[in-house]
Every structure is written in structure tokens, then in C-alpha cells.
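Chain residues, written in single-letter form:
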Amino acid sequence: MIDLKLREVKEDLSAKELEVAEYIIANSQQLKNISIQALAKLNQVSTSTILRLCNKLGYRKFSDFKIDLISSMPKKISSEVLQDDIHLNDCLQVVNQKVQMVEKSSIDETYSMLNSDDLDKAIDLIINGHKIVIYGVGSSGLVGKELEYQLIKIKKDVNCHFDAHISRNIVSSLNPHDLVIIISHSGETPECVELLKLANKQNIPSIAITKMGQSQVSNLANIVLHTISTEHVSRVIPIRSKISQITIVNMLVTNLFIKQYDEKLLSKTKKRE
């Protein structure tokens with residue numbers, strides 16, 4: 001999983017951070033008892049450089065990073081077809097095979113990067129949110145509409161508008177008991193950034209579904225659920241990012257249904273007693 005996370009944030013790393021990351025991957029078996037100070041000395045960097053690397057990879061502490069590295073080394077994707085784009089001269093069978101492999105890998109990689117604690121916190125925010133505003137642009141907006149539809153089924157007061165002006169007006173009327181959910185692949189969509197700034201100004205909790213790495217959206221949101229950022233297929237058809245977003249939405253909704261079901265079942269049992 002560390003390899004995958006490194007690939008996702010590689011462009012956001014400084015030269016020193018990248019050197020440390022590559023050293024860690026190459027010497028993972030020897031890191032079990034090493035301290036952050038010793039690792040810094042081996043790489044001739046400061047401990048703050050290592051901590052920044054850990055934060056960019058989604059870890060709060062070096063110890064969290066080390067535990068994850070040692071306990072679950074990633075399975076490398078062996079299929080070369082995943083590294084190929086879909087070409088105009090590909091036949092139907094080849095295109096279908098590539099799409100299938102891209103979708104499968106997107107789901108697996110999204111699951112590998114998932115932070116269960118953050119997902120659990122996001123679920124609680126949705127359950128406790130009185131009113132919920134969802135916003136995304138383009139294909140992210142379509143994923144937002146899917147999430148809106150699923151939340152309506154569990155009787156949540158939720159709105160997902162494609163118009164940023166309407167969404168801004170609704171967010172302006174919210175309070176700290178409500179919730180804003182932003183879906184942005186890049187994490188830099190201006191409308192999404194503006195809505196999160198407005199939410200923060202009004203102390204409204206927020207969830208962001210966005211790619212791993214540093215971005216304005218990830219820095220502004222209270223809870224961040226990471227999607228994969230690499231897009232081998234042309235961005236005209238954003239298969240990987242969209243499937244990754246949908247995977248996060250499905251995990252959220254499924255766990256929400258289970259929690260809501262348990263609460264309703266408990267309530268019925270108490271009434272019968």
C-alpha cells in the first residue's frame with residue numbers, strides 16, 4: 001500500500017522527501033526497530049522532512065507509517081495492460097478488456113488507500129447532519145447526484161446542485177449542525193474551494209472526496225476520503241477517478257444503511273419490550 005500511496009503523491013514530494021520514500025521502500029524489512037531520528041540520520045535529512053512525508057502519505061505520525069509499511073506490503077499490479085492507454089485503433093475486445101482491468105484496479109487501489117477511521121468519522125457526520133449539501137463539477141457532480149439519491153433513500157435532507165451559485169446560497173443558510181460534502185478529483189476546483197471556505201467560516205463540518213496529496217480541498221475539509229489520482233485512460237473518459245469516487249460513495253452508503261438499520265431494529269425491539 002505504501003508503494004501505491006507514494007505513486008499517488010509523488011508529484012507533491014520534494015526531492016529530499018522522495019529520496020527518503022524510496023529508501024524506505026527499498027529497506028522496509030530493516031525498518032522494524034528504527035527510530036525517526038535514525039532514519040533521518042541515514043538519509044541526511046531532518047526529522048521534520050520525514051514527518052512531512054508521512055503527512056503527505058496520509059499518516060499523522062511516523063509510527064503509524066511504519067506499522068502500515070511493515071504489516072501490509074502491497075501486491076504489485078502485474079498486468080501490463082493497465083499501463084496502456086486506450087487507443088483509437090484498439091478493437092472492441094481489447095477496449096473492453098482494458099476498461100475491465102482499469103475498473104478492477106481502481107476499486108482495489110481505492111480500498112487499499114482507505115482510512116477506516118476517517119470513513120467512520122464521515123459516516124457519523126452524515127448521520128448527525130441535519131441538512132447536507134453535496135457539490136462537484138463535471139463527472140464529480142454526477143457522482144454527487146448518485147450520493148444524493150442514496151441519502152434520500154435513508155430520509156436525509158440533502159441537496160446536490162450543479163449550479164455553484166445555488167449551492168453557495170444554500171451553504172450560506174446552514175449552521176454547525178449541518179454538513180457540506182465536496183467531490184473533486186483535482187482538489188483545486190475553484191467552486192469547491194470557495195464552498196469549503198464558506199463552510200469553514202460558518203463552522204459547518206465538511207467531508208472531501210478527493211485525490212491523495214496536498215490540495216486546497218484536502219487542506220480545507222475536516223474529513224478527507226482519498227481517491228486514486230493516476231489516470232492512464234484519457235481524461236476525456238475519466239474511468240479511474242470516477243470509479244474510485246463511486247467506490248468511496250458505495251462504502252459510505254452501505255455502512256450508512258447498516259448503521260441506520262441497526263438503530264431502527266433496536267428501536268423496534270425496545271417498543272416490543
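Every value quoted in this text rests on a predicted model; they were computed, and no experiment measured them. (Residues numbered from 1 in each chain as written. Predicted model: local features only at pLDDT ≥ 70, side-chain atom pairs only at ≥ 80, totals over all residues. Heavy atoms only, no water.)

**Student:** What's the story with the side chain of Gln-150 in this structure? I'm lost.
**Tutor:** With respect to the helices and strands, the residue Gln-150 is situated in helix H8 (residues 139-153). Looking at Gln-150, the relative accessible area reads 13%, which means it is buried. Within the structure, the side chain of Gln-150 is placed 2.9 Å from the side chain of Glu-146, a separation counted as a polar contact. Excluding residues that lie within four positions of it along the chain, Gln-150 makes contacts with Val-253 and Phe-257. (Helix = DSSP H or I, 4+ residues; strand = E, 2+ residues; numbered from the N terminus. Buried < 20%, exposed > 50% of the residue type's maximum accessible area, 1.4 Å probe, protein only. Polar contact = N/O pair within 3.5 Å; in protein donor to acceptor, adjacent residues only side chain to side chain. Contact = heavy atoms within 4.5 Å.)

**Student:** How should the packing of aromatic side chains be read in this particular structure?
**Tutor:** The geometry of an aromatic ring pair comes down to the distance between the two centres and the angle between the two planes. The full count for this structure, using the stated rule, is 0 aromatic pairs. Above the ring of Phe-162, the side-chain terminus of Lys-145 is found at 6.0 Å from the ring centroid. (Phe/Tyr/Trp six-rings, centres within 6.5 Å; stacked < 30°, edge-to-face > 60°. Lys NZ or Arg CZ within 6 Å of the ring centre and 35° of its normal.)

**Student:** So what exactly am I meant to see when it comes to the layout of surface pockets here?
**Tutor:** Over the atoms, a rolled probe matching the size of one water molecule traces out where space is still vacant. In this model, the largest pocket occupies a volume close to 570 Å³. Gly-58, Arg-60, Asn-115, Asp-118 and His-226 are, among the 27 residues lining the largest pocket, the residues nearest its centre. A per-element tally of the lining of the largest pocket places helix H7 (residues 116-128) first, with 4 residues. Of the residues belonging to the lining of the largest pocket, the class tally is 9 nonpolar, 10 polar and 8 charged. Two domains each put at least three residues into the lining of the largest pocket: domain 1 (1-72) and domain 2 (92-271). (1 Å grid on protein atoms, 1.4 Å probe; cavity = no way out; pocket = protein on both sides within 12 Å on 5 of 7 lines; lining within 4 Å. Points joined across faces, edges and corners; volume = space filled by probe spheres on them. Nonpolar A, V, L, I, M, F, W, Y, C, P; charged D, E, K, R; others polar. Domains from an automatic or database assignment.)

**Student:** Is there a simple way to think about the environment of Pro-238 in this case?
**Tutor:** Summarising the element assignment, Pro-238 is placed in the loop between strand S5 (223-227) and helix H12 (239-272). In the structure, Pro-238 is positioned 99 residues away from Ser-139 in sequence and 8.0 Å away in space, judged by C-alpha atoms.

**Student:** Quick question: what am I supposed to make of the side chain of Thr-227 here?
**Tutor:** As for its position among the elements, Thr-227 is in strand S5. Within the structure, Thr-227 has its side chain in polar contact with the backbone nitrogen of Lys-211 (distance 3.4 Å). Sequence-distant contacts of Thr-227, that is, excluding residues within four places in its chain, are made with Glu-8, Met-113, Ile-209, Thr-210, Lys-211, Met-212, Ser-244, Gln-245 and Ile-248.

**Student:** Mind showing me how you'd approach unusual backbone geometry here?
**Tutor:** Note: most residues except glycine have negative phi, and most peptide bonds are trans. The backbone of Gln-44 shows a phi angle near 55°, a positive value even though the residue is not glycine. Here Gln-44 is to be found in the loop between helix H3 (36-43) and helix H4 (47-56). Here Asn-203, not a glycine, exhibits a phi torsion of approximately 60°, which is positive. With respect to the element layout, Asn-203 can be found in the loop between helix H10 (190-201) and strand S4 (206-211). By relative accessible area, which is 58% here, Asn-203 ends up exposed.

**Student:** Any chance you could explain empty space enclosed by the protein here in plain terms?
**Tutor:** Tallying each qualifying case throughout the model produces 1 cavity of 30 Å³ or more. Around the largest cavity sit Met-113, Leu-114, Asn-115, Asp-118, Val-224, Leu-225 and His-226, which together line it. Considering every element that reaches the lining of the largest cavity, the biggest residue donor is S5, with 3 residues. For the lining of the largest cavity, a count of residues per class yields 4 nonpolar, 2 polar and 1 charged.

**Student:** Just to check I follow, could you spell out the confidence of the model for the chain for this structure?
**Tutor:** Close reading of the predicted structure is inappropriate where its pLDDT is low. Mean pLDDT for the chain: 84, with 84% of residues reaching 70 or above. Scored below 50 in pLDDT, residues 74-84 shows 17 contacts in the model against residues more than four places distant or in partner chains. (pLDDT = per-residue confidence, 0-100.)

**Student:** Got a minute to help me understand the nonpolar core in this structure?
**Tutor:** Across soluble globular proteins, nonpolar side chains have a tendency to be buried as a group. Ranked by size, the top nonpolar core spans 27 residues in total, and within it Ile-126, Ile-134, Leu-151, Leu-225 and Leu-252 carry the most contacts. Looking at this core, the elements with two or more residues in it are H7, strand S1 (131-136), H8, strand S2 (157-160), strand S3 (179-184), S4, S5 and H12. Element by element, the count of residues in this core is highest for H12, at 6 residues. Leu-6, Val-9, Leu-31 and Ala-40 belong to the second-largest nonpolar core, a separate cluster that totals 24 residues. (Core = buried A, V, L, I, M, F, W, Y, C linked by side-chain atoms within 4.5 Å.)

**Student:** Just checking my understanding: could you explain the sheet that holds S3 for this structure?
**Tutor:** Pairing between the strands of a sheet comes from backbone hydrogen bonds, and it takes one of two forms, parallel or antiparallel. The parallel open sheet is built from 5 strands, whose spatial order is S2-S1-S3-S4-S5. Each edge of the open sheet carries a strand with a single partner, namely S2 and S5. Mean inter-strand twist for the sheet, computed between neighbouring axes without regard to direction, equals 15°. Bridge count between S1 and S2: 4 bridges; the pairing is parallel. Note on S2: the bridge partner recorded for Lys-131 is Asp-157. Relative to S3, H10 is tilted by about 160°, and along the sheet it contacts S1, S3 and S4. (Pairing = 2+ DSSP bridges. Axes fitted to C-alpha atoms, helices over the stretch in contact; angles between N-to-C directions.)

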